[in-house]
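Summary of structural features
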Amino acid sequence: DVAWNKLMKSVHCERFTEAAVDEMKSHLRCDTMEFVYSAPQSLIIGSRWVCRDKLLADDSVMAKVRLVGQGFAQVPGVHYQESYAPTVLSSTTRLLFSVAAAKRWTMRQLDVKTAFLIPRLPEDELLYLRPPKDFRQIMKRLDVHLEKGVLLKLNAAIYGLRQAGHYWNNAITTALVDFGLVRSKPDPCLFTKFEKNELVLMVAIYVDDICAAGLPDRVQEVTADLFAKFPMKDLGKPQVFCGVEVS
């Protein structure tokens, strides 16, 4: 990977190496892979490190590294069956904000941490990755010692895979429906809850970004339910959601 090679020869080497270590901590915690040394050639694709500097709220910069599968090499019907994953419509987002303002509702924005590492790959979508450059050295820092030629047998639909968004959307949809919300037919990324024919809660999802608006108790209940099911971060009152600024 050209970008990774350049970073490893720059003054930013250690920052991004540590970020890669943090990324692999998440993978180990989520049990996304097993380490093997042989696999059918037709089920092996490449991977790479995707690196960027993330601007934080205090204007400081944090190195961010993600292990990404090379989904462009996946073959439909062999490596995956379904890849469709809806995202909330901008008109739906504006509707949610308008209703929330009119009803003076409580609003909460949530972020799901490592969302794509959560859903499991089905057995009929077996897939292996060739690890990216310096993978064994990164894992050694985590006291995981691997031999040359190691392959990553995936348990989860990690970032970069064609089906990753599909399986995450299924997981978050199931969680919201189990909570008692109803999925909208015009926009499958909007969920609502009525009590005595009165709308009391709306939830919109944009990949791993979630916006809830409703009566204070209902917003708190759905927030607590999601925190119990997924690793979450509470971002408080929405500032920007799906490209729409909230004033």
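Below: a short report on this structure. Just so it is clear, the model here is predicted, and its values are computed rather than measured. (Residues numbered from 1 in each chain as written. Predicted model: local features only at pLDDT ≥ 70, side-chain atom pairs only at ≥ 80, totals over all residues. Heavy atoms only, no water.)

Enumeration over the complete set of coordinates arrives at 5 aromatic pairs. Here W168 and F230 contribute two aromatic rings whose centre-to-centre distance is 5.2 Å and whose plane-to-plane angle is 75°, an arrangement assigned as edge-to-face. In this pair, W168 sits in helix α5 (residues 164–179) while F230 sits in the loop between α6 (216–229) and β12 (232–236), placing the two residues 62 residues apart along the sequence. On the accessibility criterion, W168 (2% relative accessible area) is buried. Taken together, the ring pairs connect W4, F35, W49 and F135 into an aromatic cluster. Lying across the ring of Y159, R66 places its NZ or CZ 3.9 Å from the centre. (Phe/Tyr/Trp six-rings, centres within 6.5 Å; stacked < 30°, edge-to-face > 60°. Helix = DSSP H or I, 4+ residues; strand = E, 2+ residues; numbered from the N terminus. Buried < 20%, exposed > 50% of the residue type's maximum accessible area, 1.4 Å probe, protein only. Lys NZ or Arg CZ within 6 Å of the ring centre and 35° of its normal.)

This model, assessed by the stated rule, comprises 8 salt bridges. For K25, the salt bridge goes to D22, with nearest N and O atoms at 3.8 Å. One end of the pair, K25, and the other, D22, are both in helix α2 (residues 13–30), 3 residues apart, so they sit about a helical turn from each other. Residue K25 is classed as partly exposed on the basis of its relative accessible area, which comes to 41%. The closest approach of N and O atoms between R218 and E195, which form a salt bridge, is 2.7 Å. Taken together, the residues span a long stretch of sequence, with R218 in helix α6 and E195 in strand β9 (residues 190–195) at a distance of 23 residues. One network of salt bridges, in which partners are shared, links E14, E18 and R141. (Salt bridge = Lys/Arg side-chain N within 4 Å of Asp/Glu carboxyl O.)

Bringing the packing of α5 against α6 into the picture now. Running from N to C, α5 and α6 point in directions that differ by 135°, and their axes come no closer than 11 Å. Looking at the two axes, α5 sits oblique to α6. For the pair α5 and α6, the crossing hand works out as right-handed. Between α5 and α6, the residues in contact are I172, A175, L176, D178 and F179 and E221, V222, D225, L226 and K229, respectively. Residue composition of the contact of α5 with α6, grouped by class: 6 nonpolar, no polar and 4 charged. (Axes fitted to C-alpha atoms, helices over the stretch in contact; angles between N-to-C directions. Parallel < 35°, antiparallel > 145°, perpendicular 65-115°, else oblique. Left-handed = near helix turned anticlockwise from the far one by under 90°. Contact = heavy atoms within 4.5 Å. Nonpolar A, V, L, I, M, F, W, Y, C, P; charged D, E, K, R; others polar.)

With mixed pairing, the 4 strands of this open sheet are ordered in space as β1-β7-β6-β2. What marks the edges here is a single partner per strand, and that holds for β1 (33–36) and β2 (44–45). Examined bridge by bridge, β2 and strand β6 (residues 128–129) share 2 bridges and lie parallel to one another. Each bridged residue has a counterpart across the sheet, and for I45 the counterpart in β6 is L129. (Pairing = 2+ DSSP bridges.)

Relative to the 22 Å expected for 16 residues at 1.5 Å per residue, α5 spans 23 Å between its end C-alpha atoms, a close match to the ideal helical length. Those residues of α5 not exposed but buried are A164, H166, Y167, W168, N169, I172, T173, A175, L176 and F179. The secondary structure elements touched by the buried residues of α5 are β5 (106–112), β8 (182–183), β9, β10 (198–206), β11 (209–214) and α6. (Expected span 1.5 Å × (residues − 1).)

Positive charge collects at one region of the surface, where R29, R52, K54, K113 and K233 lie side by side. Inspection of the secondary structure assignment puts R29 in helix α2. Classification of R29 by relative accessible area gives exposed; the value is 59%. (Patch = residues over 30% accessible without salt bridge, like charges linked within 9 Å, V, L, I, M, F, W, Y side chains within 5 Å. Areas by Shrake-Rupley, 256 points an atom, 1.4 Å probe, with all protein chains shown as cover. Lys, Arg positive; Asp, Glu negative; His and termini not counted. Charge placed at Lys NZ, Arg CZ, Asp CG, Glu CD.)

A few words now on the environment of G236. Examined against the element boundaries, G236 turns out to sit in strand β12. For the pair G236 and Q109, spaced 127 residues apart in sequence, the C-alpha separation works out to 5.6 Å.

Spanning 14 residues, helix α3 (residues 90–103) covers 20 Å between terminal C-alpha atoms, matching the ideal 20 Å at 1.5 Å per step. Taken together, the buried positions of α3 are occupied by T92, T93, L96, F97, V99 and A100. Around the axis of α3, the buried residues are gathered within 165° of arc, so they sit on the same side. Residues of α3 that are exposed and point over 90 degrees away from its buried face: A101 and A102. Where α3 terminates, the next one or two residues include R104, which has phi positive at roughly 55°. (Arc of directions from axis to C-beta.)

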